[in-house]
Amino acid sequence: MAQDLRYTKEHEWVRVEGDLAIVGITDYAARQLGDIVFVELPETGRSLAQSDAVGVIESVKAVSDLFAPISGEVVEANAELTTSPELVNSDPFGKGWMLRIRIADASQLGALLDQAAYEELTREG
Amino acid sequence: MSRLTEPDANGDRRPRAREGLLETPLADRHLGLGARMVEFAGWSMPVQYAGILEEHRAVRTRAGLFDLSHMGELFVDGTDAAKALGYALVSDPAALQVGRAQYSMICFPGGGVLDDLIVYRLGEDRFMVVANASNAAAVSDALAERIEGFRVVLDDRSLATALVAIQGPLSRQVMAPLTDLAIADLRNYAIGDGHVAGQPALVARTGYTGEDGFEVFVDVASAGHVWDALMEAGRSAGVVPVGLGARDTLRLEAGMPLYGNELGADTTPYEAGLGRVVKLGKEGDFVGRAALEKAEADGPRKKLVGLAVRGRGIARHGYELFAGDRRTGAITSGTLSPTLGEPIAMAYVAPSDAEPGTILEVKIRDQRVPAQVVALPFYRRTT
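Residues numbered from 1 in each chain as written. Chains lettered and ligands numbered in written order. Predicted model: local features only at pLDDT ≥ 70, side-chain atom pairs only at ≥ 80, totals over all residues.

Asker: What exactly am I supposed to notice about the overall build of chain A here?
Answerer: Counting its regular elements, chain A contains 4 helices and 9 strands. Listing every helix and strand of chain A by position from the N terminus yields β-β-β-α-β-β-β-β-β-α-α-β-α. Since a compact globule built from 125 residues should have a radius of gyration of about 14 Å, the 13 Å found for chain A is in line with a globular shape. For chain A, the spread of C-alpha atoms along the three principal axes comes to 35 × 35 × 20 Å. Out of the 125 residues belonging to chain A, those deemed buried represent 41%. Looking at chain A alone, contacts between residues at least 24 apart form 62% of all its contacts between residues at least 6 apart. (Helix = DSSP H or I, 4+ residues; strand = E, 2+ residues; numbered from the N terminus. Rg over C-alpha atoms; globule rule 2.2 N^0.38 Å. Buried ≥ 20, exposed ≤ 12 C-beta atoms within 10 Å, placed from the backbone. Contact = placed C-beta atoms within 7 Å.)

Asker: Even after reading the chapter, I still don't get the pairing of strand β19 (residues 359-364) of chain B, so can you show me in this structure?
Answerer: Residues and elements named next belong to chain B. Going residue by residue along β19, you find Leu 360, Val 362 and Ile 364 tucked away on one face and Ile 359, Glu 361 and Lys 363 left uncovered on the opposite face. Of the strand pairs in this sheet, strand β16 (residues 320-323) and β19 are connected by 2 bridges, and their pairing is antiparallel. Directly across from Phe 322, in β19, lies its bridge partner Glu 361. Inspection of the sheet shows β19 paired to strand β20 (residues 367-374) by 6 bridges, in the antiparallel sense. What sits directly across from Leu 360, in β20, is Ala 371. What sits between β19 and β20 in their antiparallel hairpin is a turn of 2 residues, with Arg 365 showing a positive phi close to 55°. (Pairing = 2+ DSSP bridges.)

Asker: For this particular structure, what's the right way to read the domain arrangement of chain B?
Answerer: All names here are of chain B. You can read the domains of chain B as domain 1 (22-68 + 160-253), domain 2 (72-157) and domain 3 (302-383). Counting only elements with at least two residues in the side of domain 1 that touches domain 3, the list comes to α2 (52-61) and α7 (244-253). With 4 residues, α2 is the single largest residue contributor to the side of domain 1 that touches domain 3. A class-by-class count of the residues in the side of domain 1 that touches domain 3 yields 3 nonpolar, 3 polar and 5 charged. (Domains from an automatic or database assignment. Nonpolar A, V, L, I, M, F, W, Y, C, P; charged D, E, K, R; others polar.)

Asker: Help me understand the environment of B:Leu114, please; the structure alone is not making it clear to me.
Answerer: Residues and elements named next belong to chain B. Examined against the element boundaries, Leu 114 turns out to sit in strand β7 (residues 113-123). Taking the number of C-beta atoms within 10 Å as the measure of exposure, Leu 114 has 22 and is therefore buried. For the pair Leu 114 and Asp 180, spaced 66 residues apart in the sequence, the C-alpha separation amounts to 37 Å. Dropping the residues within four chain positions of it, Leu 114 is found in contact with Ile 106, Cys 107, Phe 108, Asn 135, Ala 138, Val 139, Ala 142 and Ala 265.

Asker: How should I be thinking about helix α4 (residues 136-146) of chain B in this particular structure?
Answerer: Turn by turn, an α-helix covers 3.6 residues, leaving residues three or four places apart pointing in a common direction. Residues and elements named next belong to chain B. Turning to α4, its buried residues are Ala 136, Val 139, Ala 142 and Leu 143. Buried residues of α4 fall within an arc of 130° about the axis and therefore sit on the same side. On its buried face, α4 is in contact with β5 (72-77), α3 (81-88), β6 (101-107), β7, β8 (126-131) and β9 (153-156). (Arc of directions from axis to C-beta.)

Asker: In this structure, what is going on with the packing of α2(B) against α7(B)? I would like to understand it.
Answerer: In a packed pair of helices, the relevant descriptors are the angle between the two axes and the axis-to-axis distance. All names here are of chain B. Following both chains from N to C, one finds α2 and α7 inclined at 55°, their axes separated by 8 Å at the closest point. By the angle between their directions, the pair α2 and α7 is classed as oblique. The element α2 and its partner α7 pack so that their crossing is right-handed. Contacts between α2 and α7 involve Ile 52, Glu 55, His 56 and Val 59 on the former and, on the latter, Gly 245, Ala 246, Thr 249 and Leu 250. A per-class count over the contact of α2 with α7 returns 4 nonpolar, 3 polar and 1 charged. (Axes fitted to C-alpha atoms, helices over the stretch in contact; angles between N-to-C directions. Parallel < 35°, antiparallel > 145°, perpendicular 65-115°, else oblique. Left-handed = near helix turned anticlockwise from the far one by under 90°.)

Asker: What is the right way to look at unusual backbone geometry in this model?
Answerer: For residues besides glycine, phi is generally negative; the peptide bonds are generally trans as well. The step from B:Leu376 to B:Pro377 runs through a cis peptide bond, and the omega angle for that step is 5°. Looking at where B:Pro377 falls in the secondary structure, it is placed in the segment after β20. Unlike most non-glycine residues, A:His11 shows phi in positive territory, near 70°. For A:His11, the location among the structural elements is in the loop between β1 (6-7) and β2 (12-17). For A:His11, a count of 22 C-beta atoms within 10 Å corresponds to the buried category. A positive phi angle, near 65°, is found at B:Tyr189, a position not held by glycine. With respect to the helices, strands and loops of the structure, B:Tyr189 is situated in the loop between α5 (171-175) and β11 (191-196).

Asker: How do you make sense of the sheet that holds strand β7 (residues 63-67) of chain A when you look at a structure like this?
Answerer: Sheets are built from strands paired through backbone hydrogen bonds, the pairs being either parallel or antiparallel. All names here are of chain A. Spatially, β4-β6-β7 is the arrangement adopted by the 3 strands of the open sheet, whose pairing is antiparallel. Whereas interior strands pair on both sides, the edge strands pair on one side only; in this sheet they are β4 (36-40) and β7. Mean inter-strand twist for the sheet, computed between neighbouring axes without regard to direction, equals 25°. Two elements, strand β6 (residues 53-59) and β7, share 5 bridges in a ladder whose sense is antiparallel. By the bridge assignment, Ile 57 is partnered in β7 with Ser 64.

Take a look at the structure:
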């Protein structure tokens with residue numbers, strides 16, 4: 001698992017780069033969902049509020065919501081996922097990234113889970 | 001995993017999974033293969049192993065192995081076997097030659113479908129009826145009721161019978177060395193009685209994937225041996241285990257209906273485009289005859305169609321369909337077709353909207369996405 005990430009209980013990861021947050025879903029989430037065949041992301045410029053359902057991730061059998069881990073403005077949505085949704089399965093922390101968000105309120109990051117807390121959440125058994 | 005060993009209400013003494021679900025004789029093998037298990041019709045079944053897309057593609061290009069032991073196998077024996085089934089079902093089992101099979105349906109008196117099934121003729125006076133797992137008990141009860149007065153015996157061997165299927169273009173070459181049956185001579189929709197991996201077995205050239213393949217019926221005690229032999233024999237050919245997830249995407253591509261989605265008590269065979277299964281010309285009465293004669297004469301109230309989604313989005317079960325502003329129906333089954341790389345679906349629509357080429361709109365969340373009526377099947381094998 002990559003370092004310096006924060007996580008949500010809905011299995012999104014967040015990596016901070018300056019005033020931007022890069023967002024995706026974890027390998028745990030991708031495994032739970034199975035083969036991902038469709039991803040719908042909010043468009044550039046859209047304002048997101050923390051915890052809102054802002055997009056959709058579909059596997060062969062099911063439809064899942066993507067939740068905004070923090071509030072902010074969408075700077076870029078990963079266009080590659082339109083043609084290659086399988087990147088979320090093969091490289092969830094890298095090429096499978098979903099959103100670049102301009103952080104509206106950095107204090108919201110503190111409410112997210114750290115590595116240890118996320119590992120605790122996803123401990124099998 | 002704790003197991004219950006008390007017999008259940010049906011006298012079934014076999015071990016059950018912790019949640020009280022029935023297990024097939026291959027449960028331990030699925031766990032060993034890393035299967036993700038789900039509840040299906042009261043059974044614990046593998047939904048996927050390596051992944052649905054990979055398993056689907058394996059069946060289309062090589063072959064896959066399925067555990068279908070949850071399905072129902074009902075044997076009907078006696079002098080009146082053909083007549084009794086002719087009364088109970090909408091098809092004409094009396095017209096079957098020994099060693100041949102037919103797709104059929106058992107309908108309610110009102111004409112709605114109770115189950116779709118395959119009837120195999122094992123002898124002059126012996127048939128095997130294979131029912132969906134979700135309806136096995138209901139079919140067993142209905143058959144028992146309908147055969148009364150006929151000189152036959154119903155032997156429900158569902159819980160004593162395991163079913164392993166191999167499906168895909170390489171099926172024949174994998175099966176051939178394992179069986180004493182002349183596989184090359186077993187025609188489509190034929191069944192033979194012999195051995196597989198040394199175990200007594202019925203081998204049918206039938207399936208639910210749109211590929212060539214074989215369904216192998218054995219006693220539960222033989223299931224593990226047959227599964228292991230097919231996995232081993234298929235190893236060099238790249239045969240993989242396949243779960244219910246890929247089974248669903250495969251049959252949908254092949255345009256085959258799923259009971260509970262395309263078929264149900266509120267659909268007639270005619271509405272599902274399966275009127276050819278109903279043999280109104282056969283001799284004698286059968287359950288549902290009057291209603292089905294009327295349904296055939298009146299014409300369908302709705303029609304099952306194939307749809308190719310022409311915009312961005314996947315049409316799924318329950319999503320609504322529109323012709324302009326008029327709601328015309330709803331999706332019965334839908335997915336992203338692994339073979340075509342595009343979303344496909346089946347749906348019931350108003351008969352006036354059912355012509356191939358018609359452009360409708362499917363409501364995906366809050367968007368209307370164009371979907372075009374296309375002829376079924378979506379996929380037809382070339383091998």
